[in-house]
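Secondary and tertiary structure notes
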Amino acid sequence: MADDEGGPDMVSFRELARRLVSEGVVERITHQRISQLHRNDPSFPAVVQIGRSNAVDYRMARPYFAGRQSRQGERTDLKGKPKVEE
């Protein structure tokens, strides 16, 4: 947990996934999905590498996930392709 002065609460992606689910921020999420969001979403909170693990400040990540629109099951591979007219 963060110290009394409001310092960062750095957590691994695995711990972040566990906390987000246990606090009810998201219904379910894996650390793999968090890693994917980190790679692909420019608005993802700042990440620090500690050894071979990535860590993020939980106080910054929680609002990101709370405000994020889930698109489960949406086919993003078909978006943007124009329809062929014959």
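Please refer to the structure higher up on the page.
As the structure is a prediction and not an experimental result, all values here were calculated from the model.

Turning to its location among the elements, D57 is positioned in strand β3 (residues 53–57). Polar side-chain contacts of D57 include one of 3.1 Å to the backbone nitrogen of R59. With near-sequence residues (within four places) excluded, D57 lies in contact with P8, D9 and M10.

Attention shifts here to the pattern of salt bridges. Counted under the stated rule, the structure contains 5 salt bridges. Between E23 and R62 there is a salt bridge, with its nearest N and O atoms 3.1 Å apart. With E23 in the loop between α1 (13–22) and α2 (31–40) and R62 in helix α3 (residues 58–67), this pair connects stretches of sequence that are 39 residues apart. The partly exposed category is assigned to R62, whose relative accessible area is 32%. For the salt bridge of D57 with R59, the shortest nitrogen-to-oxygen distance reads 3.7 Å. For R59, a relative accessible area of 41% corresponds to the partly exposed category. Taken together, the salt bridges that share partners define one network made up of D9, E15, R18 and R19.

To continue, consider the sheet that holds β3. Spatial strand order, β1-β3-β2: 3 strands in an open sheet with antiparallel pairing. Two strands in the sheet have a free side with no partner beyond their single neighbour: β1 (10–12) and β2 (47–50). Averaged over neighbouring strand pairs, the angle between their axes works out to 40° when direction is ignored. Where α1 meets the sheet, its contacts fall on β1, β2 and β3, and the angle it forms with β1 comes to roughly 100°. Contacts between α3 and the sheet are confined to β1 and β3, with β3 contributing the most and set at about 80° to the helix.

Quick look at the environment of R28 now. With respect to the helices and strands, R28 occurs in the loop between α1 and α2. For R28, a relative accessible area of 61% corresponds to the exposed category. In this structure the C-alpha to C-alpha distance between R28 and R18, which are 10 residues apart in sequence, comes to 8.7 Å.

Basis of the calculations
- Residues numbered from 1 in each chain as written.
- Predicted model: local features only at pLDDT ≥ 70, side-chain atom pairs only at ≥ 80, totals over all residues.
- Heavy atoms only, no water.
- Helix = DSSP H or I, 4+ residues; strand = E, 2+ residues; numbered from the N terminus.
- Polar contact = N/O pair within 3.5 Å; in protein donor to acceptor, adjacent residues only side chain to side chain.
- Contact = heavy atoms within 4.5 Å.
- Salt bridge = Lys/Arg side-chain N within 4 Å of Asp/Glu carboxyl O.
- Buried < 20%, exposed > 50% of the residue type's maximum accessible area, 1.4 Å probe, protein only.
- Pairing = 2+ DSSP bridges.
- Axes fitted to C-alpha atoms, helices over the stretch in contact; angles between N-to-C directions.

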